[in-house]
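# Structure assessment
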Amino acid sequence: MHEYNLEKRDSTLWKIDWSNDCTYSLKYISGNTHMEPEMESFLKKHKMVYQIINVTNDYYVYNGYIDKISRDFIQSDTMWLHEKTSITNNLLFQSIANGQTLRKAHFGDTSKYAVVYVYRTGKVTNSMGEYFLYFDNEPMCVMKNKSGYMFKLFKEGNHVNHSDCSMASKRIILGIAKIRGMILFYFY
C-alpha cells in the first residue's frame, strides 16, 4: 500500500496483510522522510495490527495494536464513510512537549484547559516494564521507569485514568470541574 501525505509532499510504503475480513496488519517498508529516527526504528521492528470492531452504514470503528491483538490497544478511532456536516471538537487531552511551553502560557480565570503532571518513580519492582497510561481508554503515553509527562486536559467531568502492565494494574477516577473560572481536580 502506498500512503500519500499531500501536506508534507511525502509518501510511505506499507506491506498490508489481511488475516480475515475485519483484521489486517501493516508493516513499514520505506518512506516518510519527516519521520523521527526513533519512530522509524520502532516501525522497522514492529507491525501495526488493526481490527474493525463495529460497522454501520455511516461509519466503522477500529482499534490499533502493536504486533498482535491484545486487551491493550494503542489507538481507537472512527472512520466515517460519508462527509460529516457538523464536526465537534472531541479532543480530551494534548501532550505538553516541555516545561518552557507551559511557562510561556498565560493562565487566567477563563482558562480553557487544566494541566496535569504524571510521573512514574524509579522502583525496582517492575522497573523493566513499561506501562500504557490511558485517559478514558485513550492511550496517553508509555510510562517508563523514572519518567514524567505533562498534559493539557480539555473536558470537564469524571474521567477514568488507568495503567496496565502484565504484572500490575492501577485505576483512578479524576474529576475535572470549572468553578468560578478555575479548573479543579479531585480524585476518588
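Before any of the text, the structure's been laid out above.
Read on for a plain summary of the structure.

About the cut-offs
Residues numbered from 1 in each chain as written. Predicted model: local features only at pLDDT ≥ 70, side-chain atom pairs only at ≥ 80, totals over all residues. Heavy atoms only, no water. Helix = DSSP H or I, 4+ residues; strand = E, 2+ residues; numbered from the N terminus. Buried < 20%, exposed > 50% of the residue type's maximum accessible area, 1.4 Å probe, protein only. Areas by Shrake-Rupley, 256 points an atom, 1.4 Å probe, with all protein chains shown as cover. Salt bridge = Lys/Arg side-chain N within 4 Å of Asp/Glu carboxyl O.

## As for the overall build of the protein
Secondary structure summary: the protein contains 2 helices and 14 strands in total. For the protein, the residues scored as buried account for 30% of the 188 residues in total. Roughly 13300 Å² of accessible area belongs to the protein as shown, and the carbon and sulfur atoms make up 54% of that amount.

## Brief notes about unusual backbone geometry
The phi angle of most residues is negative, glycine excepted, and most peptide bonds adopt the trans form. Of note in the backbone geometry, Asp67 takes a positive phi value of approximately 70 degrees without being a glycine. On the basis of relative accessible area, Asp67 is assigned to the partly exposed category, the value being 32%.

## Brief notes about the pattern of salt bridges
Charged atoms that come close allow side chains of opposite charge to pair. One pass over the structure, following the stated rule, counts 2 salt bridges. Residues Asp17 and Lys15 are paired through a salt bridge, measuring 3.3 Å at the closest nitrogen-oxygen approach. Judged by its relative accessible area of 38%, Asp17 falls in the partly exposed class. Note that Lys44 is salt-bridged to Glu40, the shortest N-O span being 3.4 Å. Pair noted here: Lys44 and Glu40 are both in helix 1 (residues 37-45), with a separation of 4 residues, about one helical turn.

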